[in-house]
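Residue-level listing of the chains:
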Amino acid sequence: PSASGQSSFDRVIAGDGRIEPRDEMPDDYRKSLIRQISQHAHSEIIGMQPEGNWITRAPSLHRKAILMAKVQDEAGHGLYLYSAAETLGASREDMMQALLAGKARYSSIFNYPTPTWADIGAIGWLVDGAAICNQVPLCRASYGPYARAMIRICKEESFHQRQGFEILLTLSRGTPAQHELAQEAVNRWYAPSLMMFGPPDADSPNSAKSMAWKIKRFSNDELRQRFVDMLVPQAQALGLTLPDPDLRWNAERGHYDFGELDWSEFKAVLAGQGQCNVQRVEHRRRAHTEGAWVREAAMAHAAKKAARQQQ
Ligand code: FAQ
């Protein structure tokens, strides 16, 4: 930006104001937002798959209707987020191509499988729970379109988390076999959900700038701690345990201490070696190819409509 553009950007950030699409902004700020927002959009779109896997097998019509609505909400979140990235000059086509080519990042969490119905409960409770912890502060992010998209997304995520909690509660209070199913799903999703907050602060290269620019308001470790503190009483209410022998209340800190996570697993998932990385991208590619006729029909319809308006 020009010198006056930079100083007006600095003033807005210092005053906790909002940067809007037409405002001048530093190149790095724009690039970092496109990075984060596009990764977030891809996560929502890929995130439809683990749960989509259970739509045809949901245990009742009621559960099926709820799950379909939830997965559709995720598609909607992806679409608002791609639109937010477009306001920064990113092209939707480029973002899509990067995802299909397997070059774009999306959240590590969606590379884990959903072998049982209880995994759907665990995703709602833990994955949507982590998403809310991470995204509520993003409602105050300095970039206007992103912050505003987050407000609606967080409202929907809150409903998602409750539906997951309720699935687990029903299973936990069911037969011993159902209780075990719920506990096993929590055992599978707990550590991966803690890793959603990103690497430890000391290994988080983007944090310093993102915090200075007021995109991020809290560090990865701060949010992870907040999440663990929130989960413990909820797990007690569910009658389930969290799979961490080192988890205990620390009165001095006023927080729960918890065990070291396996960051080599996180790195492997980011490097494409998670259980479902290949399957997720292949599935997205297939859906894109099979959906080509829908895009073509929509384009033909739009062209006809435009031609009619010109007459
Ligand atoms: N997975 O320097 P940092 C949802 C990457 S919720 C994969 O700390 P930053 C809802 C990071 O991109 C999930 N990669 O990065 C839902 C960076 O790589 P880069 C989506 C990760 O940006 C629920 C590198 O590691 N939510 O979808 C992960 O400051 C149920 C270094 O990390 C969001 O995206 C990870 N877990 O902090 C949908 C929230 N963590 O780009 C369906 C918005 C880090 O330099 C079903 N994003 N990396 O190549 C954020 O808040 C931030 O981007 C963080 C990472 C906190 C994720």
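Definitions and cut-offs
Residues numbered from 1 in each chain as written. Predicted model: local features only at pLDDT ≥ 70, side-chain atom pairs only at ≥ 80, totals over all residues. Heavy atoms only, no water. Helix = DSSP H or I, 4+ residues; strand = E, 2+ residues; numbered from the N terminus. Rg over C-alpha atoms; globule rule 2.2 N^0.38 Å. Buried < 20%, exposed > 50% of the residue type's maximum accessible area, 1.4 Å probe, protein only. Contact = heavy atoms within 4.5 Å. Areas by Shrake-Rupley, 256 points an atom, 1.4 Å probe, with all protein chains shown as cover. Lys, Arg positive; Asp, Glu negative; His and termini not counted. Charge placed at Lys NZ, Arg CZ, Asp CG, Glu CD. Near = heavy atom within 4 Å. Polar contact = N/O pair within 3.5 Å; in protein donor to acceptor, adjacent residues only side chain to side chain. Nonpolar A, V, L, I, M, F, W, Y, C, P; charged D, E, K, R; others polar. Core = buried A, V, L, I, M, F, W, Y, C linked by side-chain atoms within 4.5 Å. Axes fitted to C-alpha atoms, helices over the stretch in contact; angles between N-to-C directions. Left-handed = near helix turned anticlockwise from the far one by under 90°. Disulfide = S-S within 2.5 Å. Salt bridge = Lys/Arg side-chain N within 4 Å of Asp/Glu carboxyl O. Expected span 1.5 Å × (residues − 1).

Going by the annotation in an unreviewed UniProt entry, the name recorded for the chain is 1,2-phenylacetyl-CoA epoxidase subunit A, with Nakamurella aerolata given as the source organism.

1. Remarks on the overall build of the chain
Assigned secondary structure in the chain consists of 13 helices and two strands. Taking 2.2 N^0.38 as the reference for a compact globule, 311 residues should give roughly 19 Å; the C-alpha atoms of the chain span a radius of gyration of 21 Å, in line with that estimate. Each of the 311 residues in the chain was classed as buried or not, and the buried ones make up 47%. Here the analysis covers contacts within the chain between residues at least 6 apart in sequence; of these, 77% occur between residues at least 24 apart. Of the roughly 15700 Å² that the chain leaves accessible, carbon and sulfur atoms contribute 56%. Looking at charge distribution, the chain has the averaged site of its 37 positive side-chain charges lying 7 Å from that of its 36 negative ones.

2. Looking at the environment of Gly 164
Mapped onto the elements, Gly 164 comes out in helix 7 (residues 144-172). Taking the C-alpha atoms as reference points, Gly 164 and Asp 119, 45 residues apart in sequence, are found 9.1 Å from one another.

3. Quick word on the site of the ligand
Taken together, 35 residues lie around the ligand, and Gln 39, Ser 108, Ser 204, Lys 216 and Asn 220 are the ones closest in. At 3.5 Å from a nitrogen atom of the ligand is found a main-chain nitrogen or oxygen belonging to Met 195. One nitrogen or oxygen atom from the main chain of Asn 206 is found 2.9 Å from an oxygen atom belonging to the ligand. When the ligand is considered free in solution it has 1100 Å² of accessible area, and contact with the protein chains removes 90% of it. For the shell around the ligand, the secondary-structure elements that each account for two or more residues are helix 2 (27-46), helix 4 (61-86), helix 6 (118-135), helix 7 and helix 11 (263-273). Partitioned by chemical class, the residues of the shell around the ligand number 13 nonpolar, 13 polar and nine charged.

4. Describing the nonpolar core
Residues Tyr 29, Ile 37, Trp 125, Tyr 143, Tyr 146 and Leu 242 are the most contacted members of the largest nonpolar core, which totals 78 residues. Residue contacts for Ile 37: discarding those within four places in its chain leaves Leu 81, Ala 84, Ala 85, Leu 88, Tyr 143 and Tyr 146.

5. A closer look at the packing of helix 6 against helix 7
Look at helix 6 against helix 7: their axes get within 7 Å of each other, and the N-to-C directions meet at 145°. Here the hand of the crossing between helix 6 and helix 7 comes out left-handed. Its residues placed into classes, the contact of helix 6 with helix 7 shows 13 nonpolar, nine polar and two charged.

6. Considering the state of the cysteines
Within this structure, the stated rule accounts for zero disulfides. A disulfide-free cysteine, Cys 133 has its sulfur positioned 10 Å from the sulfur of Cys 154, the nearest such atom. Left unpaired, Cys 154 is separated from the closest cysteine sulfur, that of Cys 139, by 3.9 Å.

7. As for the pattern of salt bridges
If you walk through the whole model with that rule in mind, you get 13 salt bridges. With a shortest N-O distance of 2.8 Å, Arg 148 and Glu 20 are connected by a salt bridge. Placement of the pair is Arg 148 in helix 7 and Glu 20 in the loop between helix 1 (3-14) and helix 2, with a sequence separation of 128 residues. What makes Glu 20 partly exposed here is its relative accessible area of 25%. We note a salt bridge from Asp 221 to Arg 224, for which the minimum N-O separation is 2.7 Å. Separated by three residues within a single helix, Asp 221 and Arg 224 lie in helix 10 (residues 220-238), roughly one turn from each other. With a relative accessible area of 29%, Asp 221 lands in the partly exposed category. What you see here is one network of salt bridges that share partners, running through Glu 51, Lys 70, Glu 74 and Asp 128.

8. Some details on helix 4
The first and last C-alpha atoms of helix 4 sit 38 Å apart over 26 residues, in line with the 38 Å expected at 1.5 Å per residue. Buried within helix 4 we find Arg 63, Leu 67, Lys 70, Val 71, Asp 73, Glu 74, His 77, Gly 78, Leu 81, Tyr 82, Ala 84 and Ala 85.

9. Overview of the environment of Arg 162
Tracing the chain through its elements places Arg 162 in helix 7. On the accessibility criterion, Arg 162 (65% relative accessible area) is exposed. Each C-alpha atom, one on Arg 162 and one on Ala 303, is 43 Å from the other, the two residues being 141 residues apart in sequence.

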